[in-house]
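Each chain, written out:
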Amino acid sequence: MRLTTAQALVKFLANQYSERDGVEQRLIPGTWGIFGHGNVAGLGQALLQYHQEMPYYLARNEQGQVHAAAAFAKMRNRLQTFACTASTGPGSTNMITGAALATTNRLPVLLLPSDMFATRAPDPVLQQLEDTRGGDVTVNDAFRPVSRYFDRITRPEQLIPAALAAMRVLTDPVETGAVTLCLPQDVQAEAYDWPEEFFRRRVWHVDRPVPAPEAVRRAVDLLRDAEKPLIVAGGGVVYSEAEHELRAFAEATGIPVADTHAGKGAVPWDHPCSVGGLGSTGTTAANALAAEADVVLGIGTRYSDFTTASHTVFGNPAVRFVNLNVARLDAAKHSAEMVLADARRGITALHEGLAGWQVDAAYRDRVRSLADEWQRTVDACFTAGHQPLPAQTEILGALNKALDDRDVVINAAGSMPGDLQMLWRARDPKAYNVEYAYSCMGYEIAAGVGTKLAAPDREVVVLVGDGSYLMMAQELVTMVSEGLKVIVVVVQNHGFASIGSLSESLGSQRFGTSYRYRSQDSGLLEGDVLPVDLAANAESLGATVLRASTVDEFTEAIARAKANSTTTVVHVETDLHGPNPPGSAWWDVPVSEVSELDSTRKAHENYAAHKRRQRHYL
């Protein structure tokens, strides 16, 4: 079959499927792209030719299209994702941040950056980097460290093994992340006689690895001896669709369940065993139980520094870990007893092994008492009555109350992830999408596009601060052009609330964290507030805009937004300085050891005191 390399790739992708539990779906149901001279006559022509087999979506920023693909993959439990094509040079390198986010979050995305001429005949072409170290170096080599698989197709026939390898990695729960196939612009348009078998329908089976009986026995022995066990539920629970098994296991054993951002909702917030978020921005209930825990059962978690409070939250000197994870990298962390398995299969095996065993009634009562006490704190944060501007926690409370169980909330960076982990009451494992592995400003609005495409039957609400909005607001145009009903809540506080608070706590006096005019007296950015109108900006991009200045007005605006059938932005101002939910754990951010500033010297004393509690779990 004589086709160009680009035509062959599109035709190949249209025939790839994934399967788990007997359910098959298109692995790559569409392609995002922004065209330039590097791909318009190659992949652009191929996508036009095969548009009925491979739908095309136009993004407004190359980074944004990767975020949309990652959010789509997250919503579809990593069984589906998008391809993303970009032109040479800046178009392609714009995708690198998205690639890093996908790989850090272990979400599959297929990236097709255009590359320079393989023949090198017209070198140097527009946007080409000339490197004196070698003629085969291009800017696309920057994708190597942020990709799980990387290849450059310099001959058409190289596509066959490369495409197959790409599909293998995309569908592997252990290896998955960004997959990058660099496509020189001349090779994209070059014809080749392809074997027809290359285009046959292929099904990539996503199996559920079962745990080794010996590993289960060792884990069960540890858990049976535990007096104060704690479960840490991570994203692996959600991707494995093991939420029902986890709830049944917790109910039968009485082991409390704390969650990470990626695991929130696997156990509903009001479940008797739920104690909420763990770690640096965790609840007082989860952190108190973690401090006492003698055995921690981590399920599908990568134990980020926020989850462990930089290796300080698990305070029991004799604490032991059991890690159930499909990836050996994560299962081995904290010197754990490893149970290498799919989360659903592993939980079932542990449940069977612990049949008839449960924690003491006194421990159950303590768990419930701590959880109930924290919920009273949540209620107080949600109804703070702060003046003159509402607290951010009040806006989150009003939104949480207004949304249904299946409605999805999206966030990634700033002060909101911390507030959300502490306060958000999730009852559905797909209703909470806070990207906190890469915590990328600008993810939110683009992720709203991908999430809505993945779940058109759900209400999708994007929470974005003014900082993240200004990073990447342009995918609002994509929402409008695709006719997507998404609610975008823009929380305007004229600065970086999270880093400002952190800066203050570390002795750096909120330096460089407010959106202000430069002061003529001090030379610092501490003058009057800038006259920025984000609501007007959103309106200019085609969204319907509603403004709110009080909690009651915000509640009314959300009701109107839910009733709308188009992209709607709700703009509300909050107090940059809080009040914030009460913290109960630490985060390791080093403070200058020497300083002329009293604030920094005092902060370093506090830092040193916390640092003494940090430990390796050996």
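Before any of the text, the structure's been laid out above.
The structure displayed is predicted, hence computed values, not measured ones. (Residues numbered from 1 in each chain as written. Predicted model: local features only at pLDDT ≥ 70, side-chain atom pairs only at ≥ 80, totals over all residues. Heavy atoms only, no water.)

Focus: the packing of aromatic side chains
Under the counting rule described, the total for this entry stands at 17 aromatic pairs. Here the aromatic rings of Phe-314 and Phe-321 are separated by 5.2 Å at their centres, their planes lie at 85 degrees, and the arrangement is edge-to-face. With respect to class, Phe-314 is no different from Phe-321; both count as buried. Centre to centre, the rings of Phe-496 and Tyr-515 are 5.2 Å apart; their planes meet at 70 degrees, and the pair counts as edge-to-face. Here Tyr-515 lies in the loop between α21 (497-505) and α22 (534-540) and Phe-496 lies in the loop between β21 (487-492) and α21, a separation of 19 residues in the sequence. (Phe/Tyr/Trp six-rings, centres within 6.5 Å; stacked < 30°, edge-to-face > 60°. Buried < 20%, exposed > 50% of the residue type's maximum accessible area, 1.4 Å probe, protein only. Helix = DSSP H or I, 4+ residues; strand = E, 2+ residues; numbered from the N terminus.)

Quick notes on the sheet that holds strand β7 (residues 109-115)
Reading across from one edge, β5-β4-β6-β7-β9-β8 is the order of the 6 strands in this open sheet, with parallel pairing throughout. Two strands close off the open sheet at either side, each with one partner strand: β5 (56-58) and β8 (149-152). On average, each strand axis in the sheet is inclined to that of its neighbour by 20 degrees, with strand direction left out of account. Sheet analysis places strand β6 (residues 83-86) next to β7, joined by 4 bridges and oriented parallel. What sits directly across from Ala-83, in β7, is Leu-110. Where helix α3 (residues 62-75) meets the sheet, its contacts fall on β4 (31-33), β6 and β7, and the angle it forms with β6 comes to roughly 175 degrees. (Pairing = 2+ DSSP bridges. Axes fitted to C-alpha atoms, helices over the stretch in contact; angles between N-to-C directions. Contact = heavy atoms within 4.5 Å.)

Examining helix α17 (residues 416-423)
Of all 8 residues making up α17, 8 are buried, and the element is well covered by its neighbours. By the burial criterion, the buried members of α17 are Met-416, Pro-417, Gly-418, Asp-419, Leu-420, Gln-421, Met-422 and Leu-423.

Structural notes on the environment of Pro-256
Counting through the fold element by element, Pro-256 comes out in the loop between α10 (243-253) and β13 (257-259). Separated by 108 residues in the primary sequence, Pro-256 and Arg-364 have C-alpha atoms spaced 8.0 Å apart. Sequence-distant contacts of Pro-256, defined by excluding residues within four places in its chain, comprise Pro-229, Leu-230, Ile-231, Cys-273, Val-275, Leu-289, Tyr-363 and Val-367.

Let's talk about the sheet that holds strand β14 (residues 274-277)
With respect to topology, 6 strands assemble into an open sheet ordered β14-β13-β12-β15-β16-β17, the strand pairing being parallel. Every other strand in the sheet has two partners, leaving β14 and β17 (337-340) as the edge strands with one partner each. Averaged over all adjacent pairs, the angle separating strand axes in this sheet is 20 degrees, with direction ignored. Looking at chain direction, strand β16 (residues 320-325) and β17 are connected through 4 bridges and run parallel. Opposite Asn-323, over in β17, you have Met-338 as the bridge partner. Strand contacts of helix α14 (residues 343-353): β15 (295-299) and β16, with the helix running at about 130 degrees to β16, the strand carrying the most contacts.

A few points about the side chain of Ser-240
Position of Ser-240 relative to the elements: it lies in the loop between α9 (235-239) and α10. In this structure the side chain of Ser-240 is engaged in a polar contact, spanning 2.7 Å, whose partner is the side chain of Asp-342. With sequence-adjacent residues up to four places away left out, Ser-240 is seen in contact with Arg-20, Arg-208, Asp-342, Ala-343 and Arg-344. (Polar contact = N/O pair within 3.5 Å; in protein donor to acceptor, adjacent residues only side chain to side chain.)

Quick look at the packing of helix α1 (residues 5-13) against helix α6 (residues 159-170)
Viewed as axis vectors pointing N to C, α1 and α6 meet at an angle of 35 degrees, and their least axial separation amounts to 11 Å. Between α1 and α6 lies a crossing whose hand is right-handed. In this structure, α1 contributes Thr-5, Ala-8, Leu-9, Phe-12 and Leu-13 to the contact, and α6 contributes Leu-159, Ala-163, Leu-164 and Met-167. Taken together, the residues of the contact of α1 with α6 break down into 8 nonpolar, 1 polar and no charged. (Left-handed = near helix turned anticlockwise from the far one by under 90°. Nonpolar A, V, L, I, M, F, W, Y, C, P; charged D, E, K, R; others polar.)

With respect to the side chain of Thr-568
Counting through the fold element by element, Thr-568 comes out in strand β23 (residues 568-573). Residue classification places Thr-568 among the buried positions, given a relative accessible area of 0%. Setting aside its immediate chain neighbours within four residues, Thr-568 contacts Val-486, Ile-487, Val-488, Thr-544, Leu-546 and Ala-561.

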